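Structural characterization, general
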Amino acid sequence: MKQRILIALLFISTLTFGQEKSKILTLGTFHFHLVKSQFGVDFDINSKDNQKELNEIIKQIEKYKPTKIFVEWEYSKQNELDDLYNLYLQDKTFELIKQKFGKNETKYFESEVQQLGFKLADKLGHQKLYAFDYILDEPNDTLMVAIQKANQTDLMNEIQKDFGEYGQNLITKFQQEKSIKNLLLFFNNKELEDKLNSGYISLFNKAGSKDDFSGAYFVSERFKRNLYMYSLIQKQIEKADERILVIVGGQHSAGFRDFIRDDKNLEKVELENVLK
């Protein structure tokens, strides 16, 4: 009996390692419609130069030939995403969407979901894009209170220094760099992603006194959101999906890097090998 089980396990193992992995390209991005509010820098995705460059970026990603496109849209609102995409397909100008939601609701027509996702999906003849975002309330206030109660002044200074530098680097990059392509490559730089991931474990995770795990809880909630989002991607991938594209905020893309490394079914494609 034991021998039969061992043979069966070896057979399953052989099948597993013999399976060809699907490729996955995570396009970590900034939110096109929120640059002004998040970084204090003027940015108009609809400018002539930006639209021209965006079209070139789409052409390059089109060569990757994604078979399924995932976008950072709340998964429980898949029907809303479907309706938006169908409205776009009717006129290709976003005017119908603006008429429905108003010209001030820019998340419906100026975000990377529409400007990259919708336009690319249309060119590829896709009938649908797939939502995978999972919203959680991160306990930021609790974390800061825990640090103060534990008198972790050095830790607070280190967090302010490291993440202050990170934030300033982003602002400086937006001030100096006008190319969307270069900005996207910057957000998908492995060194930047590793630094961000390291900060959660090296700094935030040890916040709080010995009996206060507010820091670990804060990190676990960030990890939980990324893990839930990644799970939603996994659950919607089918065997026929040879090449996956995930359009997602840069901080989430950084978190996905380790998940993909450990996922035996997927092989990561680096953006720098697509946007040449």
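To keep things clear, this report deals only with the structure shown in the data block. (Residues numbered from 1 in each chain as written. Predicted model: local features only at pLDDT ≥ 70, side-chain atom pairs only at ≥ 80, totals over all residues. Heavy atoms only, no water.)

A closer look at helix H12 (residues 250-262)
Worth spelling out the cut-off: Each helix corresponds to a stretch of at least 4 residues labelled H or I by DSSP, and each strand to a stretch of at least 2 residues labelled E; elements are numbered beginning at the N terminus. Take the number of residues in a helix, subtract one, and multiply by 1.5 Å to get its expected span. Working definition for bend: take the seven residues up to and ending at a residue and the seven starting at it, fit an axis to each, and measure the angle between the axes. Burial classes follow relative accessibility: with a 1.4 Å probe on protein chains only, a residue under 20% of its type's maximum area counts as buried, one over 50% as exposed, and anything between as partly exposed.
Given a rise of 1.5 Å per residue, 13 residues ought to cover 18 Å, and the 19 Å separating the end C-alpha atoms of H12 matches this to within 8%. The largest bend in H12 is about 30°, located at Phe256. Along H12, the positions that sit buried rather than exposed are Gly250, His252, Ser253, Ala254, Gly255, Phe256, Arg257, Phe259 and Ile260.

Brief notes about helix H3 (residues 48-64)
Let me state the cut-off plainly: A contact between two residues is defined here by any heavy atoms of the two lying within 4.5 Å.
The terminal C-alpha atoms of H3, which comprises 17 residues, lie 25 Å apart, in line with the 24 Å expected from a rise of 1.5 Å per residue. Taken residue by residue, H3 has Asn50, Gln51, Glu53, Leu54, Ile57, Ile58, Gln60, Ile61 and Tyr64 as its buried positions. Considering only its buried residues, H3 is in contact with strand E1 (22-29), helix H6 (112-124), helix H9 (180-187), strand E4 (243-249) and strand E5 (266-269). Of the residues trailing H3, Lys65 is marked for its positive phi of about 55°.

Observations regarding the environment of Arg225
In this fold, Arg225 is placed in helix H11 (residues 214-235). With a relative accessible area of 12%, Arg225 lands in the buried category. In sequence terms Arg225 and Gly255 are 30 residues apart; their C-alpha atoms lie 9.8 Å from each other. With residues near it in sequence (within four places) discarded, Arg225 still touches Glu72, Asp133, Tyr134, Ile135, Leu136, Glu138 and His252.

Considering the pattern of salt bridges
Put simply, the rule reads: Salt bridges are defined by distance alone: a side-chain nitrogen of Lys or Arg within 4 Å of a carboxyl oxygen of Asp or Glu.
Tallied over the full model, the rule gives 19 salt bridges. Note that Lys36 and Asp42 form a salt bridge whose closest N and O atoms lie 3.0 Å from each other. Lys36 gets classed as partly exposed once you look at its relative accessible area, which sits at 49%. In this structure, the salt-bridge partner of Glu74 is Lys77, at a minimum N-O distance of 3.8 Å. The class for Lys77 is partly exposed, based on a relative accessible area of 39%. One salt-bridge network, in which partners are shared between bridges, spans Lys68, Glu238 and Asp241.

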